[in-house]
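Residue strings, one per chain:
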Amino acid sequence: MSSPLTYSNAELLAILRDTRTIAMVGASPKWNRPSYFAMKYLQEKGYRVIPVNPGVAGKAILGETAYASLAEIPGKFEMVDIFRNSEAAGPVTDEAIAVAEKKGIKVIWMQLGVINEEAAARARAAGLIVVMDRCPKIEFGRLHSELSWGGFNSGIISAKRRKVGPT
Amino acid sequence: MNDDAKKKADRAFGFETRMIHAGTQPEPITGARQTPIFQNTSYVFHDADHAASLFNLQTFGFIYSRLTNPTVAALEERLANLEGGRGSTCCASGHAAQILAFFALMEPGDRFIASTRLYGGSITQFGKTFKKFDWQADFVDVDDPDAVRRALTPKTKAIFVESLANPGGVVSDLEALAAVAHEAEIPLIVDNTMATPYLCRPFEWGADIVVHSTTKFLSGNGTSVGGAVIDSGRFDWAASGKFPGLAAPEPAYHGLNFHETFGDMAFTMQAHAVGLRDLGSTMAPMNAFQTLLGTETLSLRMERHCANAKRVAEYLEGHPRVDWVSCAALASSPYRALAQKYLPLGAGSVFTIGLKGGYAAGVKMVESCELLSHLANVGDVRSLILHPASTTHRQLSAEQQTAAGAGPEVVRLSIGLETVDDIIADLDQALAAAADAF
């Protein structure tokens, strides 16, 4: 399942540092779904995560009101995190491009297993940063020593003190 | 940060750098350069919600050292890194590692294929004790991939081999066996204890899971019993529907599906959160620390182990009381071509010899050694000698002993790092002392 896509640690750290608010498309209200895990984790790390899911619009997930579309979210958000399949990521990306300037969107992030090269090309042409086939929770954990706590290979070799995030 | 710096690819560090640094970045609070020994059972929660997140596996962190511990985690990351895997789970011993690996894959009534030439302790564990879990091992001569293919059944969940067998000087054709496993949509599990990741990295040849007894060369110091299961992160546990423990709702976690939730981290998450939690075969932090110290010098030790072993094997091959030497480093070995392919830097330092005098000569020779230690371990900095038929392999039938390369005439050697001429001199006097038995 390893991906041919590569992103440098510095590049991912900069995205995670510069992002404060994330619109999570496909967020689930069910506690044992992967998107719920990621949303809860990112909230604990200090991010505001706004769920986007037409099926539960108007209801709250983890204390945040869910919206039916990116356009309906009232405030600004720097990242769109896409928890949909690769095909569905296309229209979501186009929706994000359409409201990018108004909403302050800088990053399109497609989850693990989600790869849509055509959509990525359109987003890059619109000046957006694109990450595909990664999970922001896993990357945050990897770059802040937490994956190492679980016995995972973070790939980080350094004689500097470990970076840790809010735990 | 400018865009060029951000885009700069991360350096691909060499093996020697990683064996010293991987997993052991300095501790964040004190900056302690050597890895602290977290001799500690439990970890305080921030609040009830944090505790809930940890128990639900929604966040990373420590709960209880039966599951994870910072010192053990440092060793786990180092081994995962050196093998080129995604994650690793350390545990109490190499035998515990084997149970942990199969526990993730097997249901009662399932089967797996194992090499007939495995270490005798593995054959006993698989053939006898695993039956109590209703797991059936089918032992096959894995030198013949077609025989392996014929032994597959719909219930077969894995193929298990050693990269370099203990003690026979046998090398497995990992690439061919991985192909057979993947045709059957099952993983190839490789015990890489005798080779270590310095000499062989099974994931590069298609293996899916690697297990180790870390007691041997990885620690090298003969202080600490330990094991590890390392996952490549590449096997698709959901595709075949054969692995409900990894890719179906887990009743012990409120219906959590590890494959769906953790992707390529599923195996290692399961091995800690279900495997270690419920089997309880945890590695002690002190043992992890001692093993980490060993791995810091792994490449240097393995180079010398291999060089010394080759010299000793060549000497013994010419000795009149020695019938044969089974060592993949020798030009005469039937496994020489496989060794050159899979173990280009050396064929390890554990090998067997057959004495012309049989069982009695074997016993007398090991008892006569003064420098080589007569004990049941391998991979120590000290040279070790053992007569398997009277010790490690005595639980096996005569037929199994012969199949495992541990017949009555066989003596096993694990060549250490002493001055090689001293090792040869001791073996020479021991063979002379055993003269009456020839």
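As the structure is a computational prediction, the values presented were derived from the model and not from experiment.

Attention shifts here to the packing of helix α16 (residues 358-368) of chain B against helix α18 (residues 420-433) of chain B. Residue and element names in this part refer to chain B. In the contact formed by α16 and α18, the axes pass within 8 Å of each other and the chain directions differ by 135°. Here α18 runs oblique to α16, going by the angle between their axes. For the crossing formed where α16 meets α18, the hand is right-handed. Contact residues: α16 offers Lys364, Met365 and Ser368, while α18 offers Ala430, Leu431 and Ala433.

Residues and elements named next belong to chain A. With parallel pairing, five strands are arranged side by side in an open sheet as β2-β1-β5-β6-β7. Of all strands in the sheet, those bounded by a partner on one side alone are β2 (48-52) and β7 (129-131). For this sheet, the mean angle separating the axes of adjacent strands, direction not counted, is 20°. Summarising the sheet, strand β1 (residues 21-25) and β2 pair through five bridges and their orientation is parallel. By the bridge assignment, Thr21 is partnered in β2 with Arg48.

Here the focus is the interface of chain A and chain B. Each partner contributes to the interface: chain A provides 36 residues, whereas chain B provides 50 residues. Breaking the side of chain A that touches chain B down by element, the ones donating at least two residues are α1 (9-18), α2 (34-44) and α6 (146-149) of chain A. When residues in the side of chain A that touches chain B are grouped by element, the largest group, five residues, is from α2(A). Here the side of chain A that touches chain B is built from residues that sort into 14 nonpolar, 15 polar and seven charged.

Moving on, we get to unusual backbone geometry. Positive phi values are uncommon outside glycine, yet A:Leu62 reaches one of about 50°. You can see A:Leu62 is positioned in the loop between β3 (60-61) and β4 (64-65). Phi at B:His254 is positive, roughly 55°, even though this residue is not glycine. For B:His254, the position within the fold is in the loop between α10 (244-247) and α11 (258-262).

What follows covers the pairing of strand β3 (residues 136-140) of chain B. Residue and element names in this part refer to chain B. As paired elements, strand β2 (residues 111-115) and β3 share five bridges and run parallel to each other. Along β3, the bridge assignment pairs Phe112 with Ala137. Handedness of the β-α-β unit built from β2, helix α6 (residues 120-127) and β3 comes out right-handed.

Further remarks concern the domain arrangement of chain B. All names here are of chain B. Taken domain by domain, chain B comprises domain 1 (14-294) and domain 2 (298-437). Each of domain 1 and domain 2 has a C-alpha centre, and the two are 29 Å apart. Contacts between domain 1 and domain 2 engage 34 residues on the former and 37 residues on the latter. Of all elements in the fold, only α2 (15-21), α6 and α9 (196-199) reach the threshold of two or more residues within the side of domain 1 that touches domain 2. Residues belonging to the side of domain 1 that touches domain 2 are distributed by class as follows: 17 nonpolar, 13 polar and four charged.

Its twelve residues give helix α5 (residues 94-105) of chain B an end-to-end C-alpha distance of 17 Å, which sits within 8% of 16 Å, the value for a rise of 1.5 Å per residue. The buried count for α5(B) comes to twelve of twelve residues, which makes it a mostly enclosed element.

Attention now goes to the nonpolar core. Residues A:Met24, A:Val80, B:Ile159, B:Leu177 and B:Leu343 are the most contacted members of the largest nonpolar core, which totals 182 residues. Counting residues per element, this core draws most heavily on α5(B), which supplies nine residues. Lining this core are residues from two domains, each supplying at least three of them: domain 1 (14-294) and domain 2 (298-437) of chain B. Those residues within four positions of B:Leu343 in sequence are excluded, and the remaining contacts are B:Leu164, B:Val171, B:Ala195, B:Leu199, B:Cys200 and B:Ala328.

Let us now look at the sheet that holds strand β10 (residues 373-374) of chain B. All names here are of chain B. Read across the open sheet, the five strands follow the order β8-β9-β12-β11-β10; overall the sheet is mixed. For this open sheet the edge positions go to β8 (322-326) and β10, each flanked by a neighbour on one side alone. Alignment of strand β11 (residues 384-386) against strand β12 (residues 410-414), held across three bridges, turns out to be antiparallel. Bridging across to β12, Leu384 finds its partner in Ser414. Packing of helix α14 (residues 298-317) onto the sheet brings it into contact with β8, β9 (350-355) and β12, and relative to β8 it is tilted by some 150°.

Per-residue pLDDT for chain B has a mean of 94; in total, 98% of the residues score no lower than 70. Predicted complex metrics record ipTM = 0.91 and pTM = 0.94.

Residue and element names in this part refer to chain B. Among the six residues of β9, five are classified as buried, and the element is accordingly described as predominantly covered. Here four bridges tie β8 to β9, and the two strands are oriented antiparallel to one another. Residue pairing in the sheet places Val322 in a bridge with Leu355 of β9. With five bridges joining them, β9 and β12 adopt antiparallel strand pairing. In the strand pairing of β12, Gly354 is matched with Val410.

Calculation rules
Residues numbered from 1 in each chain as written. Chains lettered and ligands numbered in written order. Predicted model: local features only at pLDDT ≥ 70, side-chain atom pairs only at ≥ 80, totals over all residues. Axes fitted to C-alpha atoms, helices over the stretch in contact; angles between N-to-C directions. Helix = DSSP H or I, 4+ residues; strand = E, 2+ residues; numbered from the N terminus. Parallel < 35°, antiparallel > 145°, perpendicular 65-115°, else oblique. Left-handed = near helix turned anticlockwise from the far one by under 90°. Contact = placed C-beta atoms within 7 Å. Pairing = 2+ DSSP bridges. Nonpolar A, V, L, I, M, F, W, Y, C, P; charged D, E, K, R; others polar. Right-handed = clockwise from strand over helix to strand, strands pointing away. Domains from an automatic or database assignment. Expected span 1.5 Å × (residues − 1). Buried ≥ 20, exposed ≤ 12 C-beta atoms within 10 Å, placed from the backbone. Core = buried A, V, L, I, M, F, W, Y, C linked by C-beta atoms within 7 Å. pLDDT = per-residue confidence, 0-100.

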